[in-house]
Every structure is written in structure tokens, then in C-alpha cells.
Amino acid sequence: MAEIVIMVTGSSGMVGHGIQLALEEDKKPNEKWIFLSSKDADLRDREATKILFEKYKPTHVVHLAAKVGGLFNNMEHNCDFYLHNGPPHFSSYGYSYAKRMIEVMNYVYNDQYGCQFTSIIPCNVFGPHDNFNLTGGHMLAGLIHKAYLAERYDQPFVIWGTGKPLRQFIYSVDLGRLIIWVLREYPEIEPIILAADEEDEISIRDTGELVVKAFGYQGEIVHDVSKSEGQFKKTASNAKLRKYLPDFKFTPIKQAIEETVDWFRKNYEIAKK
Ligand code: GDP
């Protein structure tokens, strides 16, 4: 079997750790995985990137390195993400178009050079090693950090917005498993949506309740309706994923939140926040 060398960029974050956890249960002897982060090279520097490729000679790359953040970070820093003109949801159009341009790039590289690049479109991801920053991070990470403080300092737990918007979530370890599958098996250039089933869509309010339950917090839950809600819903169809993997089992959200809360509690000092 030919050796496959897989270089993972941006692997110090939540998704990189998701892949590492998923690999523990699914190693292949002919695969060598190299996990890199910004400490290894600045990928915006062409020469540094070239040196990295010459050093590891990857046959495959899982490119996770990116500027990421939650709704509020996207709203404040649209310009830093922005690459193209047009109308996705106003709250994150810079981020959204940067993502869309990856798809365009993958098609042109396939047309011109025959490269087998593809991209994935996950729904809202959460899990250990996320950025738990209270304002700039992702929603579930923010809620977990807020619930931690509410329980510890006996203060109200504040959910931003009405709590009515709906979201599909994917646990980072499930996402890691699916990224490994995409790398090994997925044959298309067209992106694939990696999302939980539509019937598992859940409101922000119910998500918040799962978080406080995981902490055993019994205090007051308050809504700050002066805060933005983003899109009401962003339901994505996982029909294509289900066509390929009809039997894939997503970790139930309650269990995944409990595991993430447990990780955050144990790693509070080192967690990114
Ligand atoms: P994000 O990218 O993880 O921020 O998620 P979305 O943009 O999909 O939406 C976040 C939703 O959660 C919005 O309806 C927010 O109003 C709501 N929300 C409630 N509390 C928080 C919080 O502490 N942080 C964030 N980022 N969103 C929150």
C-alpha cells in the first residue's frame, strides 16, 4: 500500500482536535498524519509555505487554518473576512463569501490542473478546544463559558436574543470522523454539507437549557433581547451525506454538550477564552 502523507493545517483548534480524537478509533497503517499550527509556519507567507511542503511532502492536505469566530465577531470584522461582492446574510457576508470562493477555487484548479480539491460545509460546530471567548467565540462555546461563570459566581445565565432561532449543531468529534471519510472516500469536487439531520434542529433556548443542565445550574435564565439574533434559521440538507453514509450515527447533542462541558471544566485554565 502506498504511503499517504496527510498534512493538517490549523490543527490546534477544535476541528483539528476532533480529527485527532476520531483517528484514535480509526487508524490506517499506510497513513501518516502531520498536525500543524500557526507555530509551524505563517501560511500567508509563500516562502514559509513552500518550505513546509518541501519538508513534509504531503500527498493530501486538510486545510483547517482560517480566521474564525462567532456571529458577533463576524459582524464586527466583516472586512477582515471579505473576498468578493454579493448578498449572503448581512451578519456574516465577509465570512460567507470567503467560504464560497474556496468552492470556486476548487473548480478552477480541477479544470486547469486536474487537482482533486473539495471543501466541506459544516453546520454550527462545537466541542473541546473551541474558542470559549465570551463575546467573539461561537455560540455554544460562549454559552458554556457563561454558564460556568453563572454557576460559579451565582449570577444569572444570560442568553443573547430571544432564544427562538434554530440551529443544527455538529460535535467536533463527529466532524473529525466525517472529515477523515471525506479525505479517504469522497470523490467529488462539489462541496459536501456535513450537518446533523434536519429533524435534530434545535432552538438556542433549548440548547442553553442543555448547557445549564450539564452544569447542574438551577439559577435564573435571562434573555438579552438587545443583542443580535443573526439568521432565524440556516437549515442545511444533509441528503448528500446521507446518500453516501446512510448509517452514520451522530453523537446525541445532550451527550456531546455534556462531554464538552466536562472538558471545559477540567481544562478551564488552558481553554482558549
Ligand atoms: P455563532 O457563529 O456560533 O455565533 O452562531 P450563529 O451566528 O449561528 O448564531 C448564534 C445565535 O445564538 C444567535 O441567535 C445569537 O443571538 C445566539 N446567542 C445567544 N447567546 C450567545 C452567545 O453567548 N454567543 C453567541 N455567539 N451567540 C449567542
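Right above here is the structure, for reference.
Residues numbered from 1 in each chain as written. Predicted model: local features only at pLDDT ≥ 70, side-chain atom pairs only at ≥ 80, totals over all residues. Heavy atoms only, no water.

Enquirer: Tell me what's going on with the packing of helix H1 (residues 14-24) against helix H7 (residues 172-185), and back it up with residues and numbers.
Expert: For the pair H1 and H7, the least separation of the axes is 7 Å and the interaxial angle reads 75°. The orientation of H1 relative to H7 falls into the category roughly perpendicular. Of H7, the residues touching H1 (which contributes Met-14, Val-15, Gly-18, Ile-19, Leu-21, Ala-22 and Leu-23) are Ser-172, Val-173, Leu-175, Gly-176, Arg-177, Ile-179, Ile-180 and Arg-184. Partitioning the contact of H1 with H7 into residue classes produces 10 nonpolar, three polar and two charged. (Axes fitted to C-alpha atoms, helices over the stretch in contact; angles between N-to-C directions. Helix = DSSP H or I, 4+ residues; strand = E, 2+ residues; numbered from the N terminus. Parallel < 35°, antiparallel > 145°, perpendicular 65-115°, else oblique. Contact = heavy atoms within 4.5 Å. Nonpolar A, V, L, I, M, F, W, Y, C, P; charged D, E, K, R; others polar.)

Enquirer: Got a sec to walk through the environment of Ser-226? Specific residues and values, please.
Expert: Summarising the element assignment, Ser-226 is placed in the loop between strand S11 (221-224) and helix H9 (239-244). Through-space distance from the C-alpha of Ser-226 to that of Tyr-171 is 29 Å; in sequence the pair is 55 residues apart. Among the polar contacts made by the side chain of Ser-226, one reaches the side chain of Asp-224 at a distance of 2.5 Å. (Polar contact = N/O pair within 3.5 Å; in protein donor to acceptor, adjacent residues only side chain to side chain.)

Enquirer: How would you sum up the nonpolar core? Please name residues and give values.
Expert: If you look at the biggest cluster of nonpolar residues, it comprises 30 residues, and the most contacted ones within it are Ile-144, Phe-157, Val-211, Phe-215, Ile-257 and Phe-264. Looking at this core, the elements that each hand over two or more residues are helix H6 (139-153), strand S6 (157-160), strand S8 (169-171), helix H8 (204-215) and helix H10 (253-266). For this core, the element with the highest residue contribution is H6, accounting for eight residues. For Ile-144, the contacting residues outside a window of four places in its chain are Phe-132, Val-211, Phe-215, Thr-260, Val-261 and Phe-264. Judged by nonpolar contacts, the second largest core, of 28 residues, contains Val-15, Ile-170, Ile-179 and Ala-195. (Core = buried A, V, L, I, M, F, W, Y, C linked by side-chain atoms within 4.5 Å. Buried < 20%, exposed > 50% of the residue type's maximum accessible area, 1.4 Å probe, protein only.)

Enquirer: Give me helix H5 (residues 93-113): which residues, what numbers.
Expert: With 21 residues, H5 extends 30 Å from end C-alpha to end C-alpha; this agrees with the ideal 30 Å at 1.5 Å per step. Backbone geometry just downstream of H5 places Gly-114 in the positive-phi region, at approximately 75°. (Expected span 1.5 Å × (residues − 1).)

Enquirer: Residues and numbers for H6, please.
Expert: Counted at 1.5 Å a residue, the expected span for H6 with its 15 residues is 21 Å, and the 21 Å between its end C-alpha atoms agrees. Counting buried positions along H6 yields 11 of 15 residues, so the element is predominantly enclosed. Buried within H6 we find Leu-140, Ala-141, Gly-142, Leu-143, Ile-144, His-145, Lys-146, Ala-147, Tyr-148, Leu-149 and Ala-150. The inward-facing, buried residues of H6 abut strand S5 (124-126), S6, S8, H8 and H10. Within two residues after H6, Asp-154 carries a phi angle of roughly 55°, on the positive side.

Enquirer: Outline the environment of Lys-272, supporting the account with residue identities and numerical values.
Expert: With respect to the helices, strands and loops of the structure, Lys-272 is situated in the segment after H10. By relative accessible area, which is 46% here, Lys-272 ends up partly exposed. Remark: the alpha-carbon pair of Lys-272 and Asn-110, spanning 162 residues in sequence, is separated by 37 Å. Discounting residues that sit within four places of it in the chain, Lys-272 has contacts with Asp-130, Asn-131, Phe-132 and Asn-133.

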